[in-house]
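Inside the fold
Spelled out from the first residue to the last, the chains are:
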Amino acid sequence: MIRILMICTGNICRSPLAHVVFKDCADKAGLSQQFELESAGTHGYHIGQDADHRARKTALKHGIVLSHPARKLEAPDLAYYNFLLCMDNSHLRHVKSMARNAQETDKVRLFSSFYEQAGANTEVPDPYYGDMSDFEAVYQQVLVLSRALLNALTQASKT
């Protein structure tokens, strides 16, 4: 089983959306049994709160139920998960600074790192201060990135 943790700032917009979109992609491919998925925030601003209502509405528009209590990233997560996928470079730096060894550091990547067409520093923008169109744009981006991640991981498991 591959354990994946999606990471953003407060765990109410990008990372929970990426979490459920990747899960939906895996479900549709009949591969959900191969993954353990979770999301967390680098900061504890919203611990226990549900995802932003706009993220939930966007997911539902695409047939995905998003219900997730926000949680903060903890040091043991770096040892537990196989991949800690950050939505932007500030998260990447923050999570890498928490790593206790090279093995943990190597698990921390940008979510976009699995998408061949993405640049090395492609970030998923924070829609929090935007409107519904920003949440839709994030949904579309995480859908593309989720498909690329699923493809990369399933191809790697075949070799």
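Structure: see above.
The following paragraphs examine the structure supplied in this document.

What counts, and at which threshold
- Residues numbered from 1 in each chain as written.
- Predicted model: local features only at pLDDT ≥ 70, side-chain atom pairs only at ≥ 80, totals over all residues.
- Heavy atoms only, no water.
- Helix = DSSP H or I, 4+ residues; strand = E, 2+ residues; numbered from the N terminus.
- Rg over C-alpha atoms; globule rule 2.2 N^0.38 Å.
- Contact = heavy atoms within 4.5 Å.
- Areas by Shrake-Rupley, 256 points an atom, 1.4 Å probe, with all protein chains shown as cover.
- Lys, Arg positive; Asp, Glu negative; His and termini not counted.
- Charge placed at Lys NZ, Arg CZ, Asp CG, Glu CD.
- Phe/Tyr/Trp six-rings, centres within 6.5 Å; stacked < 30°, edge-to-face > 60°.
- Buried < 20%, exposed > 50% of the residue type's maximum accessible area, 1.4 Å probe, protein only.
- Lys NZ or Arg CZ within 6 Å of the ring centre and 35° of its normal.
- Arc of directions from axis to C-beta.
- Pairing = 2+ DSSP bridges.
- Axes fitted to C-alpha atoms, helices over the stretch in contact; angles between N-to-C directions.

Attention now moves to the overall build of the chain. Across its full length, the chain holds six helices and four strands. Scaling as 2.2 N^0.38, a compact globule of 159 residues should have a C-alpha radius of gyration of about 15 Å, and the chain matches this with 14 Å. A fraction of 73% describes how many contacts in the chain between residues 6 or more apart in sequence connect residues 24 or more apart. By element, 51% of the accessible surface of the chain is carried by carbon and sulfur atoms, the whole surface being about 7,800 Å². Both charge centroids of the chain, one from 17 positive and one from 17 negative side chains, sit 2 Å from each other.

What follows deals with the side chain of D52. Assignment of secondary structure puts D52 in the loop between β2 (35-41) and α2 (53-61). Setting aside residues up to four positions removed in sequence, D52 forms contacts with I12, C13, Y128 and F135.

To continue, consider the packing of aromatic side chains. This structure, assessed with the given rule, holds four aromatic pairs. Taking 5.0 Å as the distance between ring centres and 90° as the angle between the ring planes, the aromatic pair formed by Y80 and Y81 counts as edge-to-face. Taken together, a centroid distance of 5.6 Å and an interplanar angle of 80° make the contact between F83 and F114 edge-to-face. Taken together, the residues F83 in strand β3 (residues 83-86) and F114 in the loop between β4 (108-110) and α6 (132-158) connect sequence positions 31 residues apart. Residue F83 shares its accessibility class with F114, and that shared class is buried. Seen from the ring of Y80, R3 lies directly overhead, with NZ or CZ sitting 4.4 Å from the centre. We note R109 situated over the ring of F114; from NZ or CZ to the ring centre the distance is 4.2 Å.

Moving on, we get to helix α4 (residues 89-98). Listing the buried residues of α4 in full gives N89, H91, L92 and V95. One side of α4 holds all its buried residues, which, seen down the axis, span an arc of 150°. α4 presents R93 and S97 as exposed residues on the side facing more than 90 degrees away from its buried surface.

Bringing the sheet that holds strand β1 (residues 2-8) into the picture now. On the basis of which strands lie adjacent, the open sheet formed by four strands has the order β2-β1-β3-β4 and parallel pairing. Only two strands of the sheet have a single partner each, and these edge strands are β2 and β4. Pairwise comparison of adjacent strand axes, ignoring direction, gives a mean angle of 25° for this sheet. The pairing of β1 with β2 spans seven bridges and is parallel. Paired with I4 across the bridge in β2 is L37.

Turning our eyes to something else, we now look at the pairing of β3. In β3, alternate side chains face the same way, and those of F83 and L85 on one face and L84 and C86 on the other are all buried. Two elements, β1 and β3, share four bridges in a ladder whose sense is parallel. By the bridge assignment for β3, L5 is matched with L84. Pairing of β3 with β4, which is carried by three bridges, proceeds in the parallel orientation. Counted as the bridge partner of L84 is V108 from β4.

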